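Each chain, letter by letter, is given below.
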Amino acid sequence: MKTKILVLDDEESLRLLLCDNLEFEGFEAVSASTGRDAIEIAKKDKMALAVIDIGLPDMDGWEVCRRLREDPSTKDLPVIVLSGSVGDEIHVLAKNHGVKHCVAKPYDCTELVELLKRIVAAKG
Amino acid sequence: MRAEAFADDHRLPANLSDSKPQTLLERRRSLTLQFVIPFSAIVLCMILIFGIFHIQSRRKDLNANLYQESEILTKYLTSAMIDPLLMGDYEKMQNIVTAVHGINSDSAYVHVMGVGHRVLASTDPKFRNQVLADDGSLQAFLAGNTIQVRETGDASVFEILTPVKFENRALGQVRLGISRRNVNEAIRRVVRSFVIIGLIGLFAGLAIYTYVAQRVATSNAVLFDQVQRFGLQMEATVKERTRELLHANTQLQDANEHLKDLDKAKSEFISIVSHELRNPMTSVSGFAMTLKKMGERLPAEKKASYLDIIINEASRLTRLVEDLLDVTKIELGRYDIRLAPTKIKPLADKVAEGLKIQNPSLSFPVEFTDPEIELHVDGDKISQVFINLAGNGVKYSPPDGSIRFRAEKKTDHVLFSIEDQGPGIPKEHIDKLFQKFYRVETADPNAPRKAPKGTGLGLTIAKKVVEMHGGKIWVESELGHGARFCFTLPLAGMPVPVAQTGNSTNASGSAGTTIAQAGKPGVELGSTGGAKS
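Residues numbered from 1 in each chain as written. Chains lettered and ligands numbered in written order. Predicted model: local features only at pLDDT ≥ 70, side-chain atom pairs only at ≥ 80, totals over all residues. Heavy atoms only, no water.

Draft legend 1. Focus on the overall build of chain B. Scanning chain B from terminus to terminus reveals 13 helices and twelve strands. Sorting the 533 residues of chain B into buried and exposed places 41% on the buried side. Long-range contacts, defined as pairs at least 24 residues apart, comprise 69% of the intrachain contacts of chain B with a sequence gap of at least 6. On chain B, roughly 29,300 Å² of surface is accessible, and the fraction owed to carbon and sulfur atoms is 59%. (Helix = DSSP H or I, 4+ residues; strand = E, 2+ residues; numbered from the N terminus. Buried < 20%, exposed > 50% of the residue type's maximum accessible area, 1.4 Å probe, protein only. Contact = heavy atoms within 4.5 Å. Areas by Shrake-Rupley, 256 points an atom, 1.4 Å probe, with all protein chains shown as cover.)

Draft legend 2. Structural context of the overall build of chain A. The number of helices and strands found in chain A is five helices and five strands. Along chain A, helices (α) and strands (β) appear in the sequence β-α-β-α-β-α-β-α-β-α when read from the amino end. Of all 124 residues assigned to chain A, the portion counted as buried reaches 53%. Here the contacts in chain A between residues at least 6 apart in sequence split such that 62% fall between residues at least 24 apart. For chain A, the accessible area works out to roughly 5,800 Å², and carbon and sulfur atoms hold 49% of it.

Draft legend 3. Local environment of the packing of aromatic side chains. Residue and element names in this part refer to chain B. Evaluation of the coordinates by the stated rule reveals nine aromatic pairs over all chains. When the centroid spacing of 5.7 Å and the interplanar angle of 55 degrees are considered together, the rings of F386 and F405 count as tilted. Placement of the pair is F386 in helix 8 (residues 379-396) and F405 in strand 9 (residues 404-409), with a sequence separation of 19 residues. Among the residues examined, F386 registers a relative accessible area of 1% and is labelled buried. Residue classification places F405 among the buried residues on the basis of a relative accessible area of 0%. Following the ring pairs from residue to residue traces out a cluster consisting of F368, F386, F405, F416 and F487. Above the plane of the ring of Y335 lies K381, whose end atom (NZ or CZ) is 5.2 Å from the centre. (Phe/Tyr/Trp six-rings, centres within 6.5 Å; stacked < 30°, edge-to-face > 60°. Lys NZ or Arg CZ within 6 Å of the ring centre and 35° of its normal.)

Draft legend 4. Quick look at the sheet that holds strand 5 (residues 169-179) of chain B. Residue and element names in this part refer to chain B. The strand order 2-1-5-4-3 describes an open sheet built from five strands, whose pairing is antiparallel. Edge positions in the sheet fall to strand 2 (119-122) and strand 3 (148-151), since each of these pairs with one other strand and no more. Strand-to-strand twist of the sheet, defined as the mean angle between neighbouring strand axes without regard to direction, takes the value 20 degrees. The pairing of strand 1 (residues 107-114) with strand 5 spans seven bridges and is classified as antiparallel. Following the sheet pairing, H111 is matched in strand 5 by R175. Across the sheet, helix 3 (residues 90-103) touches strand 1 and strand 2, and the angle it forms with strand 2 is around 40 degrees. (Pairing = 2+ DSSP bridges. Axes fitted to C-alpha atoms, helices over the stretch in contact; angles between N-to-C directions.)

Draft legend 5. Region of the structure containing the interface of chain A and chain B. Chain A puts 22 residues into the contact, and the matching count from chain B is 22 residues. A combined buried area of about 2,000 Å² lies between chain A and chain B, and 57% of that area is made up of carbon and sulfur atoms. Our enumeration of links across chain A and chain B arrives at two salt bridges. K302 of chain B serves as the salt-bridge partner of D20 of chain A, at 2.9 Å between the closest nitrogen and oxygen. (Buried area = accessible area lost by both parts, 1.4 Å probe. Salt bridge = Lys/Arg side-chain N within 4 Å of Asp/Glu carboxyl O.)

Draft legend 6. Quick look at helix 10 (residues 458-468) of chain B. Residue and element names in this part refer to chain B. In terms of residue burial, helix 10 counts as a mostly covered element, since eight of its eleven residues are buried. Where helix 10 is concerned, the buried positions are G458, L459, T460, I461, A462, V465, V466 and M468. Positive phi appears at G470, one or two residues downstream of helix 10, with a value of about 85 degrees.

Draft legend 7. Expanded view of the packing of helix 7 (residues 344-358) of chain B against helix 8 of chain B. All names here are of chain B. Packing of helix 7 against helix 8 leaves a shortest axis separation of 10 Å and a crossing angle of 40 degrees. Classified by the interaxial angle, the pair formed by helix 7 and helix 8 is oblique. Relative to helix 8, helix 7 is oriented so that their crossing is right-handed. Contacts from I344, L347, A348, V351 and L355 of helix 7 reach helix 8 at G379, I382, S383, F386, I387, A390 and V394. When the residues that make up the contact of helix 7 with helix 8 are grouped by side-chain class, the tally is ten nonpolar, two polar and no charged. (Parallel < 35°, antiparallel > 145°, perpendicular 65-115°, else oblique. Left-handed = near helix turned anticlockwise from the far one by under 90°. Nonpolar A, V, L, I, M, F, W, Y, C, P; charged D, E, K, R; others polar.)

See below:
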């Protein structure tokens, strides 16, 4: 069974870009365009990793992280956050939400996929 | 007089002070009284003291004089009586007594008595031959040689008793009554004249003093008045200044708040712009790299869709940059609009045509009540408005929907409307719709997304363009019944500020080209379409 990775981004083209690249690498990418959908998917299906964009239409990416941490079934799900900028503020927020990795946009898709692969491998 | 006129000319504004200001006359009167009453009292006291002293010393002098004269008279009488007493010549005695009494106005009476105290001669006939043994000590007195002075029952008369002796033998005595009438009269005169002079002096002094005091009081009152008025003016000035300062402070605070808001808006704008640029840039570079990396392994279909995405995102970037430039220019007042008599229907037709090519399933009817409507506008900019407004409709229309262009001539303007059959716009978004980067995000993943994602600036630009032409723009919508974007353009042409047009003709030669490109419906049509999503 393929490792499942959740991709949450409201931008359709970016969702497609990441999903396709992950699938080329042999993962199963599950995409969501809203925070609510993403949380539902994460609860229903066991995900190895979640990539979450901060700017979302229905709720803030951090809010998604908080809700994931609250639920016992998703509280240990590793999260990578995608944000417009990565400054001190973002790092503080990331720490508060149990997020270890932040990637600034525009990101290098290849590098991002490499990072995801490393995290999944480390998790075993 | 001057002071009174002064007071009349400058009535004090009563409301400025709580204490009711005295009139000048009142104040002058009170000041005069304050000075005159004590002065009068002091002068009166001085006159009184001086008068008492003077009268006392005068009385003393007069009395001393009286005693002296009386003594001389007594001595004379005593010596004159020796002979007649020795002789027993009563007639002579009486003649001398009468003569002396007649000459001397001070003498009240004269008695000449023998050793037996019988009155031998007297100025008063009823005493003659009477025995006046009224004092037991008289014998001793007669034995002595002294003159005795004593008061009588009558306060105005005193008596001098003198023994008449001849060779140490008492012959008799002389009793001389001296009246104080003349002395008292003299003193009365002195007192009277003193009182008269004193009163005249007092009144004269008072008159002079009152005059001086009034002068002083008047000038004091004027000074006081001026000081009081000055005080009131100062108070008013201070109040006024305080008010001004408070006002200035408030203005400063407002300005500060405004600057803070502007600064915040600027930061937000920059963060939004950078965010807006990041997403398409990530897409472009990401898909390009994926294409390169995967190469021949990618199915042709995927390749084509990636290339489409790259092209779309790149053009979105271009549009974003152009729209940003437009917005910036509009905000700096350098947006160049070139007015010329323009027929509007051909512009709408062209826009509709272009949209139809891009969205074949949709229909774009153009319904103008007067197809010949000609307005004094910048044609390219108006086309842009049509594109931006219709682009919004395209995004939300059902697959076979129609987007209607309408124009209706009113008294002083033309009302344009672009109506779609989409789901409509929720009320809470309507007010903010024309704000920069404001988007009605659809949480519904099934929402139709035909047009490329907008820049979030299309409606803002449309609004500015319409306003620069002197028109108004708004949106009417009811959920479930589509949206109707309306704008007006004035018939008489628009009152463009000359400076703005003139300024931008020079400043934005190249910028003008950019805008002109963006406005060319044939070339750029779809690309500027989706203003808001």
